[in-house]
Amino acid sequence: MTKADSGPAATRPSGTVTFLFSDIEGSTLRWERTHDAMAVALRRHDAILRAALEASGGYIFKTVGDAFCAAFETVSGAVAAALDAQRALLAEDFAAVGGVRARMALHTGAAEERDGDYFGPSVNRVARLLAIGYGGQVLASGTAGDVLQDEMQAQVSLRDLGAHRLKDLSRAEHVYQLCAPGLPETFPALRSIDGLPNNLPQQLTSFVGRESDVAEIKTLLETHRLVSLIGAGGSGKTRCAVQVAAELLDGSGDGVWLAELAPVSDASLVATVIAQALSVQESAKRPPLETLLEYLKRKRLLLVLDNCEHVIAEARTVAAAILRNCPEVRILGTSREALNIAGEHVYRMPSLTVPPAIQTLSAQEVLASGAALLFADRAIASDARFSLTDENAPFVAEICRQLDGIPLAIELAAARVKVLSPQQLLQKLDERFRLLTGGDRSALPRQQTMRALIDWSYDLLSEEERSLFRKLAIFAGSFGLEAAAAVCGDETSDEIVVFDRISSLVDKSLVQADPAASGTRYRLLESTRQYACEKLVECGEHASAVRAHAAAYAVLAERLEDSWDALTFREWFVHVEPEIENWRAALAWSLAPGGEMLLGQRMAGALSRAWQRIGMAEGKRAVALALEGVDDTTPSPVTAKLYLVNAKLDATLSQPKASLTSAERALAAYRLLDDLRGIVESLVRAGGALVFMGQISEGETLLAEALTGARALQNRRLTGLVLETLGHASRAANDAKGARARYTEALALYRATGSDRLTSQVATNLAEAEFSAGNAQAALDLSLEALAAAQTLNEERDGVDLSNMAAYLIALGRFDEARLRAREALSLTREQRYAVFFAFTLQHLAAIAALRQTPDDHARAARLLGYADASLSAIDVTREYTEAQEYDRAIAELRAALGEADLTKLMAEGRIFTEDQAAEEGMLV
């Protein structure tokens, strides 16, 4: 790195500055291929850049390799420099190195200049903007673009590229592309966060003071597959890990994925939470870890495991298994202690740098430390009137030193500038720390220093605020105001009082407030939550709080269950999604020894429809525990509901015999209770199970009774479910006309009630009915509708719909389109562990290979059909019409082309394929 001072200090722009950054795209590869020629080309590139920048008044303050960093007084000056430089580079002959294309970025913002260099958010912003562009492209930030609108040169224009999240993960940046004669205008999509595979959350605060740590951790991850960030609570491990992940997101591989373990109260769910972060569907027949490993062994990605300390043993087991079985997966963990497994590299998070112990430091000198930068940033966020001056800088420096540069401690202190000046804040800190440490703070670990600060914040609260703060620790993840009032309120504290106290805790930075679709959600940072939980135990309130939490979430589950018919799917699930971790925690306590079994049983039953979001396999385990706890004291409605939910889960998990058993028990219980709604739902499950098992007549008898009951209830959504299940019965009986009629009626009812997910589901079934009736094009159109609905809902039905579409396209003779759909379906059904449709999709690929009459494909097609036969036989699945007619066509074609003996031999070879072999063979079609 070189500082490139291009003029005296007086010529350096200050105040609001426009920065122009530039570098050569793909220069590393060119250096490796043509080193000598690249050295010559780079000298010419540098001369062109320097001439263009300085000619337009640019101050070049840094060069790094082929990168230039310049500052301008005006946006128009920076634009002129960029245009001149790009045109000159385009006119130069760089053929010896395969061309030189420079990408450039402009951003206008406040300048923080020190010793001839610039620092701060504006510099970071333009660097992030540069990273998403391409060689030959000039990008401008929203602020630069806004200014440029009034200073536009002739024939120069801005192309609006929309809002993009940059790798600082803060607010999205509006991005423009500079267009002018002589410059290329067409480029690929920008390399922004939103366009790359990840689930990294947007950060509401800026990333300050950890740049060197990020660089070091990135280097460690190049040579170590497991890096653990270790440090005390509040040391900034999570924020640093997320930033590292963002920096490593470059569009190659399978992305970066964050699994947040902090809300997990049951260690056995670690693998489940990781799987959900990766959108991996669990199977009731396989342990979650096994399913996770199967998915990850084919992936090249970075997995961030955040907050491992409270589930350290299970996190250790899962991480070790991933390292052993998934060679292209790297793990970045955060914890208060190391995982202590082979291959781990521990990175101990240092405190932020603090100002030196000198009384005469200026504001500029204090800001050279990461701790002071963080304090100033958060203080301004808390009170826009705050500014770091030469007068208050010594007090801020001492605050940073006394807080040992611990990020959370500094943030909590900075939040107080609304009511205390830095000098007053320092006095408070001095008094408290002398009391807690006895004058020798250096003898205590940093966690104790952190505790001292939280003690101080806690002591400043009123007794009512302290009581609420302690009780809020019982929530897992976030919570809403209504839940907080239910758990923490009493006869003297209604919802308004609780809201006022939570607002006060938010102001004091002890509670975080986050906007959400269902309304504002609140949460405690993990370090403060653990502190509050300890206080809860000390005060003897933990037992009552955990029971109040479980009781409140049982009531919430029941209320949401009751609202099912009145809300659209989208409206209903908006209220479900944020509460999943709280239900998990409440179930874990209530269903465990020493808990309150009835609360768990009520919850497990009332979450009937929510299990499709929480996880079907997880729901099956919870309901099984709840049923084990049924005894003579269990209320009959609770027992009936549990059997009904068990029947639903078994049906979804393709276990019809078990589903029938539970449905019959539920039906008997609901008949005794004279509960018509329960009777109808039980009849649907029992009838559907019988149809699936081939007992169609018996199933239709039960479903006919269910239809009468649903119509008597005047419940359109339930009526639609019965009609849909009757449609399955008609299809199973080869009654295409009856199936179409029933599916069509069900579809109309679902659409009328805003049941988007069910609309997608029944559209898929109707497509099958249309295909059975010989209407392949109509089936394809319906399948496209189902796919669009599923994608809108972010449902994992895509693999099924794509597989069916491939079959319809094959029937229409559109083999190239069918091949594209089938290859996509193969990947999805395998990832989703959907064994039936994985086998069907391989059959579709085999049919394509057989029917398009390419001789070289015949042997491959026969082997794939052999594998499909073996797979379907192993899971006791019979082909329905769509797959059966296709199979017969393909077999007939192969028998004619290969002969009976060779066909039998090749299919036998396919029968012993592994899943990997079959998938690889299928992708070669």
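Predicted model, so just to flag it, every value in this text is computed and none were measured.

Of regular secondary structure, the chain possesses 41 helices and 16 strands. Scaling as 2.2 N^0.38, a compact globule of 925 residues should have a C-alpha radius of gyration of about 29 Å, and the chain matches this with 32 Å. Along the three orthogonal principal directions, the C-alpha set of the chain runs to about 90 × 75 × 55 Å. When each of the 925 residues of the chain is scored for burial, the buried share is 55%. Long-range contacts, defined as pairs at least 24 residues apart, comprise 72% of the intrachain contacts of the chain with a sequence gap of at least 6. With an accessible surface of roughly 38000 Å², the chain has 51% of that area assigned to carbon and sulfur atoms. One finds the centroid of the 95 positive side-chain charges in the chain at a distance of 2 Å from the centroid of its 123 negative side-chain charges.

Per the stated rule, a full pass over the model turns up 55 salt bridges. Across the pair R470 and E463 runs a salt bridge whose closest N-O atoms are separated by 3.9 Å. For R470, a relative accessible area of 5% translates into the label buried.

Mapped onto the elements of the fold, L667 is located in helix α28 (residues 656-673). Assessed through its relative accessible area of 11%, L667 is described here as buried. A sequence separation of 16 residues divides L667 from L683, and the C-alpha atoms of the two residues are 6.8 Å apart.

Now for the packing of aromatic side chains. Counted according to the given criterion, the structure contains 19 aromatic pairs. Aromatic side chains F771 and Y808 sit 5.1 Å apart centroid to centroid with 35° between the ring planes, which places their arrangement in the tilted category. On the criterion of sequence distance, the pair formed by F771 in helix α33 (residues 756-772) and Y808 in helix α35 (residues 798-811) is long-range, its members being 37 residues apart. Of the two residues examined, F771 and Y808, each falls in the buried class. Aromatic ring contacts, followed pair by pair, group F19, F21, Y59, F61 and Y118 into a single cluster. Above the ring of F573, the side-chain terminus of R613 is found at 4.3 Å from the ring centroid. Over the ring of W564 we find R717, and its NZ or CZ is 4.9 Å from the ring centre.

Taking a probe equal in size to a water molecule and rolling it over the atoms shows the remaining empty space. In this structure the tally under the stated criterion is three cavities of 30 Å³ or more. Here the largest cavity is characterised by a volume of approximately 40 Å³. Looking at the largest cavity, the residues that line it are V75, V79, L106, V138, L139, A140, L148 and L178. Where the lining of the largest cavity is concerned, the elements lending two or more residues are α3 (75-91) and β7 (138-141). Ranked by residue count, the leading element in the lining of the largest cavity is β7, at three residues. The residue makeup of the lining of the largest cavity, split by class, is eight nonpolar, no polar and no charged.

Parts of the model with low pLDDT should not have their predicted coordinates read in detail. When the pLDDT values of the chain are averaged, the result is 87; 95% of them are 70 or greater. Here residues 432-449 scores under 50 on pLDDT; set against residues more than four positions off or in separate chains, the count is 27 contacts.

Turning our attention to the sheet that holds strand β12 (residues 301-306). With respect to topology, five strands assemble into an open sheet ordered β11-β12-β13-β10-β14, the strand pairing being parallel. Strands with a single pairing partner mark the edges of an open sheet, and in this sheet they are β11 (256-260) and β14 (344-348). Geometrically, the sheet is characterised by an average inter-axis angle of 20° between neighbouring strands, direction not taken into account. Pairing geometry for strand β10 (residues 226-230) and strand β13 (residues 329-335), over five bridges, is parallel.

This paragraph deals with α33. The α-helix advances 3.6 residues per turn, and as a result positions three or four apart in sequence lie on the same side. The terminal C-alpha atoms of α33 lie 25 Å apart, and with 17 residues this matches the ideal 24 Å at 1.5 Å per residue to within 8%. The element α33 is largely enclosed, with a buried count of 15 among its 17 residues. G774 occupies a position one or two residues after α33 and carries a positive phi of about 90°.

Moving on, we come to the packing of helix α9 (residues 288-296) against helix α10 (residues 312-325). Closest axis-to-axis distance for the α9/α10 pair is 10 Å, and the angle between their directions is 35°. With respect to the hand of their crossing, α9 and α10 are arranged in right-handed fashion. Counted together, L289, L292, L293 and L296 of α9 and V318, A321, I322 and N325 of α10 form the full contact between these two elements. Class assignment for the residues of the contact of α9 with α10 results in seven nonpolar, one polar and no charged.

Attention now goes to the pairing of β10. Burial runs high along β10: five of the five residues are buried. Burial along β10 is two-sided: the residues L226, S228 and I230 and V227 and L229 are all buried. Here β10 pairs with β14 via five bridges, running parallel. Paired with L229 across the strands is Y347, a residue of β14.

Okay, unusual backbone geometry next. One non-glycine residue, S279, lies in positive phi territory at about 60°. Tracing the backbone through its elements, the reader meets S279 in the loop between α8 (270-277) and α9. Residue D674 is not a glycine yet carries a positive backbone phi of 55°. When its relative accessible area of 66% is taken as the criterion, D674 is described as exposed.

The next subject is the pairing of strand β1 (residues 16-24). Counting buried residues in β1 gives eight out of nine residues, a clear majority hidden from the surface. Across nine bridges, β1 lies against strand β4 (residues 102-110) in antiparallel orientation. Note that in β4 the partner of L20 across the bridge is L106. Across five bridges, β1 lies against strand β3 (residues 67-72) in antiparallel orientation. Note that in β3 the partner of T18 across the bridge is F72.

For E465, the location among the structural elements is in helix α17 (residues 463-472). With near-sequence residues (within four places) excluded, E465 lies in contact with S504, L505 and K508.

Ranked by size, the top nonpolar core spans 140 residues in total, and within it L472, Y553 and W583 carry the most contacts. The biggest single contributor to this core is helix α21 (residues 542-562), with 10 residues. Setting aside its immediate chain neighbours within four residues, Y553 contacts F475, F479, A483, E579, N582, W583, A586 and M603. Counting residues in hydrophobic clusters, the runner-up holds 37 residues, among them L20, L42, V100 and V138.

Between its first and last C-alpha, helix α37 (residues 835-851) extends 24 Å over 17 residues, near the 24 Å set by a 1.5 Å rise per residue. Counting buried residues along α37, 16 of its 17 residues qualify, which places the element largely inside the surrounding structure. Just downstream of α37, Q853 is the residue with a positive phi angle, here 60°.

The next thing to look at is the side chain of E886. Within the fold, E886 resides in helix α39 (residues 881-898). Buried charge E886 goes without a salt bridge, the closest partner of opposite sign being R889 at 6.9 Å. A distance of 2.7 Å separates polar atoms of two side chains, one belonging to E886 and the other to H844. Those residues in contact with E886, other than ones at most four positions away along the chain, are A807, I810, Q843, H844 and A847.

So, on to the sheet that holds strand β8 (residues 157-164). Sheet strands associate in pairs through backbone hydrogen bonding, adopting either a parallel or an antiparallel arrangement. The strand order across the open sheet formed by seven strands is β2-β3-β1-β4-β7-β9-β8, and the pairing between neighbours is mixed. Each end of this open sheet is capped by a strand with a single partner; those strands are β2 (59-64) and β8. Between one strand axis and the next, the sheet turns through 20° on average, direction left out of account. Pairing of β7 with strand β9 (residues 173-179) involves three bridges; the strand directions are antiparallel. Directly across from L139, in β9, lies its bridge partner Q177. Across the face of the sheet, helix α2 (residues 35-55) comes into contact with β1, β2, β3 and β4 while running at roughly 5° to β3. Here helix α4 (residues 121-131) sits on the sheet in contact with β1, β4, β7 and β9, set at roughly 155° to β4.

Rules of the game
Residues numbered from 1 in each chain as written. Predicted model: local features only at pLDDT ≥ 70, side-chain atom pairs only at ≥ 80, totals over all residues. Heavy atoms only, no water. Helix = DSSP H or I, 4+ residues; strand = E, 2+ residues; numbered from the N terminus. Rg over C-alpha atoms; globule rule 2.2 N^0.38 Å. Buried < 20%, exposed > 50% of the residue type's maximum accessible area, 1.4 Å probe, protein only. Contact = heavy atoms within 4.5 Å. Areas by Shrake-Rupley, 256 points an atom, 1.4 Å probe, with all protein chains shown as cover. Lys, Arg positive; Asp, Glu negative; His and termini not counted. Charge placed at Lys NZ, Arg CZ, Asp CG, Glu CD. Salt bridge = Lys/Arg side-chain N within 4 Å of Asp/Glu carboxyl O. Phe/Tyr/Trp six-rings, centres within 6.5 Å; stacked < 30°, edge-to-face > 60°. Lys NZ or Arg CZ within 6 Å of the ring centre and 35° of its normal. 1 Å grid on protein atoms, 1.4 Å probe; cavity = no way out; pocket = protein on both sides within 12 Å on 5 of 7 lines; lining within 4 Å. Points joined across faces, edges and corners; volume = space filled by probe spheres on them. Nonpolar A, V, L, I, M, F, W, Y, C, P; charged D, E, K, R; others polar. pLDDT = per-residue confidence, 0-100. Pairing = 2+ DSSP bridges. Axes fitted to C-alpha atoms, helices over the stretch in contact; angles between N-to-C directions. Expected span 1.5 Å × (residues − 1). Left-handed = near helix turned anticlockwise from the far one by under 90°. Core = buried A, V, L, I, M, F, W, Y, C linked by side-chain atoms within 4.5 Å. Polar contact = N/O pair within 3.5 Å; in protein donor to acceptor, adjacent residues only side chain to side chain.

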